[in-house]
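Working through the structure, step by step
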Amino acid sequence: KLVEDYTQSEAASLAQQLRDQLADYSQAYYTQDAPLVEDHVYDELYRDLEQLEAAFPVIVTNDSPTQKVGGQVLPGFTKVTHEIPMLSMGDVFSEAELAAFDQRLRKNTATEIEYNVELKIDGLAIDLIYEKGRFVRGATRGNGTIGEDITQNLKTIKAIPQKLTRPVSIEVRGECYMPKAAFADLNQKREAEGQAPFANPRNAAAGSLRQLDAKVAAARQLSAFIYTIVTFDDVQATTQSEALHVLAELGFNVNPTSVVCQNMAEVQAFIEQYQGTRNDLAYGIDGVVLKVNDLALQRQLGNTVKVPRWEIAYKFPPEEAETVIREIEWTV
Ligand SMILES: CC(C)(C)c1nc(N2CCN(c3ncccn3)CC2)c2cc(C(N)=O)c(N)nc2n1
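It should be emphasised that the depicted structure is a prediction, and the values quoted were computed from it without experimental measurement.

Here we take up the overall build of the protein. On a plain count of helices and strands, the protein comes out with eleven helices and eleven strands. Computed over its C-alpha atoms, the radius of gyration of the protein comes to 22 Å, within 12% of the 20 Å expected for a compact globule of 332 residues. Principal-axis analysis of the C-alpha atoms places the extent of the protein at approximately 75 × 55 × 40 Å. Of the contacts made within the protein by residues no fewer than 6 positions apart, 75% connect residues no fewer than 24 positions apart. Split by element, the accessible area of the protein, about 17000 Å² in all, is 54% carbon and sulfur. Between the averaged position of the 32 positive side-chain charges in the protein and that of its 48 negative side-chain charges there is a distance of 6 Å.

Written out as structure tokens, the structure is:
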């Protein structure tokens, strides 16, 4: 049938069917790493939806995938206040300091502490608010209390769901990053256009999220991993590792590499394993993050003014060796 042959109500219900199907397909593509359909199938359905919405503008919904790329260029970003501050993170640079961190915590509790250990994604922190399962506001960390509303730019990131698998109201936080391949593409284009290349993927991601024109941000192939639930209005979790499973079930993109370690010996093993393989990852990491896995114990240990007592980042030595090699390649 041609688009013109539909009544408005037929068009509206067909459009919603298409939106649900496209949401399932993109969710599978971005979270389970297992595409359900070929890209061209997704593209054809997307074009059908665009044609229906163009013929019947009244049927467009704000969570339609066609609305992901922002309309007007913003004059600036409005400020937002993080009701629950986005804390920063203590960091250590040696195993000895890491052992001291564990000892300090265990001073308060005799038993060994179970940690959830995660890769430390080298991007920038973002805060996402969902109401009844729909993405309503996204913001930068800013100074931890005041950030910038970058909802329009975050809507263009395919890995950030517009709609969750359950209609829950929840605030989550994660890391927005630019995959290494996207970073290389972008810098090649910038060199070709005589523009200065970005120094590293983190700067490129930050620069992309600061774009007032969402169409520019949309072209930057950004992604994101979500790593924490801030408010648990409608969801339950007693450990950090459980919280990550809940986030994945809700449709968030969660980094697949995190491990529950029963003690520091297991933490060391994880560090050794990932310190060496970071070059193989599709995204930049600058260390690992240890979090006391039990959320009640986290609350008991509390936070200092700026950092949680129950979490530490172990930073890897910078990769300048690789950069030097790249420069040599470059001159050759
Ligand atoms: C929610 C908590 C506080 C436990 C937390 N905070 C994080 N960060 C805080 C400091 N941040 C920050 N950023 C700029 C300036 C100061 N601090 C940047 C994010 C985390 C960052 C990563 C990551 N990068 O992969 C991660 N897997 N888990 C995190 N967890």
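The next point concerns the site of the ligand. Residues in close proximity to the ligand total 16 residues, the closest being Glu 118, Ile 121, Tyr 227, Lys 291 and Glu 311. Within the side chain of Glu 311, a nitrogen or oxygen atom sits 3.3 Å from a nitrogen atom of the ligand. When the ligand is considered free in solution it has 610 Å² of accessible area, and contact with the protein chains removes 79% of it. Sorting the residues of the shell around the ligand by element identifies β3 (115–121), β8 (223–231) and β10 (285–292) as the ones contributing at least two each. If one sorts the elements of the shell around the ligand by residue count, β3 sits on top with four residues.

The antiparallel open sheet is built from four strands, whose spatial order is β5-β4-β7-β8. Strands with a single pairing partner mark the edges of an open sheet, and in this sheet they are β5 (134–140) and β8. This sheet shows a mean twist of 30° between the axes of neighbouring strands, independent of strand direction. Strand contacts of helix α6 (residues 201–209): β4 (124–131) and β7 (170–177), with the helix running at about 45° to β4, the strand carrying the most contacts. Each of β7 and β8 touches helix α8 (residues 240–249); the most contacted strand, β8, lies at about 120° to it.

Rules of the game
Numbering of residues starts from 1 in each chain and follows the order in which that chain's sequence is written. Totals for whole chains, interfaces and linings use every residue, but because this is a predicted model, local features are given only for residues with pLDDT of at least 70 and side-chain atom pairs only at 80 or more, for both listing and counting. As a convention, hydrogens and water are excluded, and side-chain values are obtained from all of the structure's heavy atoms. Secondary structure elements follow DSSP: runs of H or I of four or more residues count as helices, runs of E of two or more count as strands, with numbering from the N terminus. Two things to know: the radius of gyration comes from C-alpha atoms, and the globule rule equals 2.2 Å times the number of residues to the power 0.38. Whether two residues touch is decided by their heavy atoms; if any such pair falls within 4.5 Å, the residues are in contact. Computed by Shrake-Rupley with a 1.4 Å probe, the accessible areas treat only the displayed protein chains as cover when residues are assessed. As used throughout, the charge tally considers Lys and Arg to be positive and Asp and Glu to be negative, leaving His and the chain termini uncounted. The atom standing in for a charge is NZ when the residue is Lys, CZ when it is Arg, CG when it is Asp and CD when it is Glu. Residues are labelled near a given molecule or strand when at least one of their non-hydrogen atoms is within 4 Å of it. The definition of a polar contact used here is a pair of N or O atoms within 3.5 Å, where within protein one atom must be able to donate a hydrogen and the other to accept one, and adjacent residues in sequence count solely through side-chain atom pairs. In this scheme, strands are said to pair when DSSP sees at least two bridges between them. Axis definition: a line fit to C-alpha positions, over the contact stretch in the case of helices; interaxial angles, taken between N-to-C directions, run 0 to 180 degrees.

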